[in-house]
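A closer look at the structure
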Amino acid sequence: IQSRAGSTGKISAQAILPKSIDELPSRDSLPYILLTRDGSENQSELFLEALQRGNMIGLGIGKGGVTCHLATVAREANIPVVARIQNIERKMARR
């Protein structure tokens with residue numbers, strides 16, 4: 001996936017693109033990378049719930065740059081971020 005790094009770090013895990021909090025993995029699931037369609041404040045609830053569950057190890061953002069709200073919050077939580085992932089939904093549908 002080509003994108004822009006919003007913070008440093010190297011991670012490897014399954015990526016998920018949930019539509020709602022109900023689709024987030026449980027606390028006892030394996031670590032994962034959360035993908036969001038955009039970096040707006042609308043996605044904050046999803047991100048914060050994933051952060052509280054403790055097994056999200058990275059964040060990928062479709063629309064939105066490295067200075068968007070979600071990227072900023074992730075960096076403050078020491079979560080590696082990549083932003084501006086082109087066609088994120090189409091790429092995940094191919095899996």
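The notes below deal with the structure included here.

**A few points about unusual backbone geometry**
In this model, Arg84 sits at a positive phi of 60°, which is unusual for a non-glycine residue. Positionally, Arg84 belongs in the loop between strand S5 (81-83) and helix H3 (88-93). Classification of Arg84 as partly exposed rests on a relative accessible area of 45%. One non-glycine residue, Asn87, lies in positive phi territory at about 55°. Summarising the element assignment, Asn87 is placed in the loop between S5 and H3.

**Some remarks on the pairing of strand S4 (residues 56-63)**
Judged by how many residues are buried, S4 sits mostly within the fold: 6 of 8 residues are covered. Across 6 bridges, the pairing between strand S3 (residues 32-38) and S4 is parallel. Following the sheet pairing, Leu34 is matched in S4 by Leu59. Note that the unit made of S3, helix H1 (residues 44-53) and S4 has a crossover that is right-handed. Across 2 bridges, the pairing between S4 and S5 is parallel. Within S5, the residue paired with Gly60 across the bridge is Val82. Following the chain from S4 across helix H2 (residues 69-76) to the adjacent parallel S5, one finds a crossover that is right-handed.

**Examining H2**
If you check which residues of H2 are buried, you get Leu70, Ala71 and Ala74. The arc enclosing the buried residues of H2, seen along the axis, measures out at 100°, which places them on a common side. On its buried face, H2 sits against S3, H1, S4 and S5. A positive phi of about 60° marks Asn78, the residue just after H2.

**Observations regarding the pairing of S3**
With 5 of 7 residues buried, S3 is to be regarded as a mostly interior element. Here strand S2 (residues 14-16) runs beside S3; their pairing, made up of 3 bridges, is parallel. Bridge assignment links Ile16 to a residue of S3, and that residue is Leu34.

**Thoughts on the environment of Ser20**
Relative to the helices and strands, Ser20 resides in the loop between S2 and S3. The class of Ser20 is partly exposed, set by a relative accessible area of 27%. Each C-alpha atom of the pair Ser20 and Glu45 lies 9.3 Å from the other, and the pair is 25 residues apart in sequence.

**Some thoughts on the pattern of salt bridges**
The final tally for this structure, using the stated rule, is 1 salt bridge. Residues Arg53 and Glu49 are paired through a salt bridge, measuring 2.9 Å at the closest nitrogen-oxygen approach. Here the residue Arg53 and the residue Glu49 both occupy positions in helix H1, the gap between them amounting to 4 residues, near one helical turn.

Definitions and limits used
- The residue count restarts for each chain, going from 1 along the sequence in the order it is written.
- Totals for whole chains, interfaces and linings use all residues, but because this is a predicted model, local features are given only for residues with pLDDT of at least 70 and pairs of side-chain atoms are given and counted only at 80 or more.
- The basis for every side-chain value is the complete set of non-hydrogen atoms in the structure, without hydrogens or water.
- Only DSSP runs of H or I covering at least 4 residues are called helices, and only runs of E covering at least 2 are called strands; the numbering of each starts at the N terminus.
- Only protein chains enter the accessibility calculation, which uses a 1.4 Å probe; a residue whose area is less than 20% of its type maximum is buried, one above 50% is exposed, and one in between is partly exposed.
- Here, strands pair whenever DSSP counts at least two bridges between them.
- Throughout, right-handed denotes a crossover for which the path from the first strand over the helix to the second runs clockwise when the strands point away from the viewer.
- Each direction from the helix axis to a C-beta atom contributes to the arc, which is the arc of those directions.
- Every residue pair with non-hydrogen atoms within 4.5 Å of one another is taken to be in contact.
- A pair is scored as a salt bridge if a Lys or Arg side-chain nitrogen falls within 4 Å of a carboxyl oxygen belonging to Asp or Glu.

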